[in-house]
Amino acid sequence: MPITSSCGVCGFGEAKYKCPACLTRSCSLLCVKKHKEESACSGVRNKSAFLKLSQFDEMTLLSDYRFLEDTGRFAGGAQRDNLIRAHVRYTPNRVKNLLVNARKMNITLRTLPITFTKSKENSSIFNSREKMFLWHLKIVFPQSGTEFSQERVRDTLSLEQILMPYIHPTESDPIIRQKLKRYVCTPIEDVGVFMKEEGRKANSVRYHQLDLQKSLRDNLRYKILIEYPLLHVVLSDHWKDFAVEEPAAPGNAEHASEDLTLCSPHCPLATFTATQPSPESLSPREKGLKRELRDEELEEGEIADSEDEGEMEENIGTMIIKTCDEDAKSKDRHHCMKEDATTVDHSASARASTETDDASL
């Protein structure tokens with residue numbers, strides 16, 4: 001007689017079924033349901049689980065073959081999905097209108113595929129009659145841990161006018177005013193608005209500090225937007241947490257060129273300019289200085305950003321200027337020693353000729 005096993009759930013009935021996932025035996029549908037509820041078992045076999053070669057049979061081979069077919073079908077379906085490929089195949093007229101008019105106003109607007117949440121949220125439009133944007137705006141208040149979304153914001157409004165419905169002591173909504181109590185009690189001069197600078201590396205995040213008195217359109221000029229503006233309203237105590245990229249001072253290059261003119265004309269590094277030379281044009285000495293400075297400034301695994309590279313180049317220029325000065329001083333000292341030796345030779349020869357004349361007399 002064949003050996004039978006008892007039900008692994010109730011323990012009384014004869015086992016008739018086996019769970020594909022955990023191989024638990026059961027005797028009836030009631031026991032199967034009870035097993036899934038108690039053990040939270042899905043009842044689905046793990047098709048990618050390890051299986052010993054001794055247990056490999058024709059059914060396992062057939063199951064693996066169907067698993068590979070399902071994987072290929074899923075990957076092919078994703079490539080043919082109209083919703084995913086819609087952004088590649090065409091761009092809606094509303095988005096085209098936004099891109100064209102943003103370019104005219106010197107705003108770099110970038111859009112995302114329509115499956116992205118930020119693209120679905122974006123309700124920005126361009127009013128062709130009044131020639132202005134009606135932006136979808138997201139405002140984040142990090143010191144209160146809240147954020148608000150506002151639709152159809154006119155780009156002719158100043159940032160202060162946009163913030164007044166949130167942080168005005170009397171005219172703002174009472175519920176919002178309670179959430180933003182720290183901002184309401186702070187003078188408007190101590191409130192700053194920042195917008196993240198897009199297109200930078202993850203280890204060098206920078207922000208644009210916007211002007212509260214200027215309009216939203218003026219603040220967005222010459223900046224990159226992804227779908228819509230995202231503004232961070234920050235109190236003055238936390239401005240240091242939002243690093244702002246300082247613009248390069250126009251006088252730095254002039255001062256650098258003036259300092260470089262102090263180098264000796266005989267110095268081989270006197271041709272170095274304030275601008276970054278190409279690697280091919282660098283002399284071996286300059287390459288060595290640059291390599292030493294980079295090894296000192298950067299730690300292991302650190303990536304230099306644009307600001308660090310600018311400071312590095314200034315330090316390289318300073319080191320080269322110092323090297324030029326030292327070379328000039330050493331060459332001037334050597335030149336003076338040569339002149340002293342020549343003077344001594346001339347005086348010795350003159351003394352010898354005088355003694356000869358005296359002896360002849």
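Residues numbered from 1 in each chain as written. Predicted model: local features only at pLDDT ≥ 70, side-chain atom pairs only at ≥ 80, totals over all residues. Heavy atoms only, no water.

(A) Geometry of the overall build of the protein. Counting its secondary structure elements, the protein contains 12 helices and 10 strands. When burial is assessed residue by residue, the protein has 28% of its 361 residues classed as buried. For the protein, restricting intrachain contacts to residue pairs at least 6 apart in sequence, the fraction spanning at least 24 positions comes to 56%. Of the accessible surface of the protein, which amounts to about 24,800 Å², a share of 54% is contributed by carbon and sulfur atoms. (Helix = DSSP H or I, 4+ residues; strand = E, 2+ residues; numbered from the N terminus. Buried < 20%, exposed > 50% of the residue type's maximum accessible area, 1.4 Å probe, protein only. Contact = heavy atoms within 4.5 Å. Areas by Shrake-Rupley, 256 points an atom, 1.4 Å probe, with all protein chains shown as cover.)

(B) Summary view of helix α4 (residues 93–104). An ideal rise of 1.5 Å per residue puts 16 Å on 12 residues; α4 measures up with 17 Å between its terminal C-alpha atoms. Within α4 the residues assigned to the buried category are V95, L98, N101 and A102. Seen from one end, α4 has its buried residues packed into an arc of 140 degrees, which puts them on one side. Relative to its buried face, α4 has exposed residues pointing more than 90 degrees away, namely N93, R103 and K104. Packing partners of the buried residues in α4 comprise β3 (108–110), β4 (125–127) and β5 (132–141). Immediately beyond the C-terminal end of α4, within one or two residues, lies N106, with a positive phi of roughly 60 degrees. (Expected span 1.5 Å × (residues − 1). Arc of directions from axis to C-beta.)

(C) Inspection of the nonpolar core at higher detail. Core analysis: the largest hydrophobic core is formed by 32 residues, its most contacted members being I139, F141, L159, Y166 and L180. When contributions to this core are tallied by element, the ones reaching two or more residues are α4, β5, β6 (146–154), α6 (159–167), β7 (191–196), α9 (216–220) and β10 (230–235). Ignoring anything within four residues of it in the chain, the contact list for Y166 reads I139, F141, F148, Q150, S172, I176, R177, L180 and V184. (Core = buried A, V, L, I, M, F, W, Y, C linked by side-chain atoms within 4.5 Å.)

(D) Seen up close, the pattern of salt bridges. Summed over the entire model, instances satisfying the criterion amount to eight salt bridges. Between R154 and E130 there is a salt bridge, and its shortest N-O distance comes to 3.7 Å. Of this pair, R154 sits in strand β6 while E130 sits in the loop between β4 and β5; the two residues are 24 residues apart in sequence, bridging distant segments of the chain. The exposure class assigned to R154 is partly exposed, which follows from its relative accessible area of 37%. Taking the shortest distance from any N to any O, the salt bridge between E147 and K138 comes out at 3.9 Å. Taking relative accessible area as the criterion, E147 reaches 48% and is therefore assigned partly exposed. Overall, K138 belongs to the buried group, its relative accessible area being 13%. Each of K47, D70 and R73 takes part in a single network of salt bridges with overlapping partners. (Salt bridge = Lys/Arg side-chain N within 4 Å of Asp/Glu carboxyl O.)

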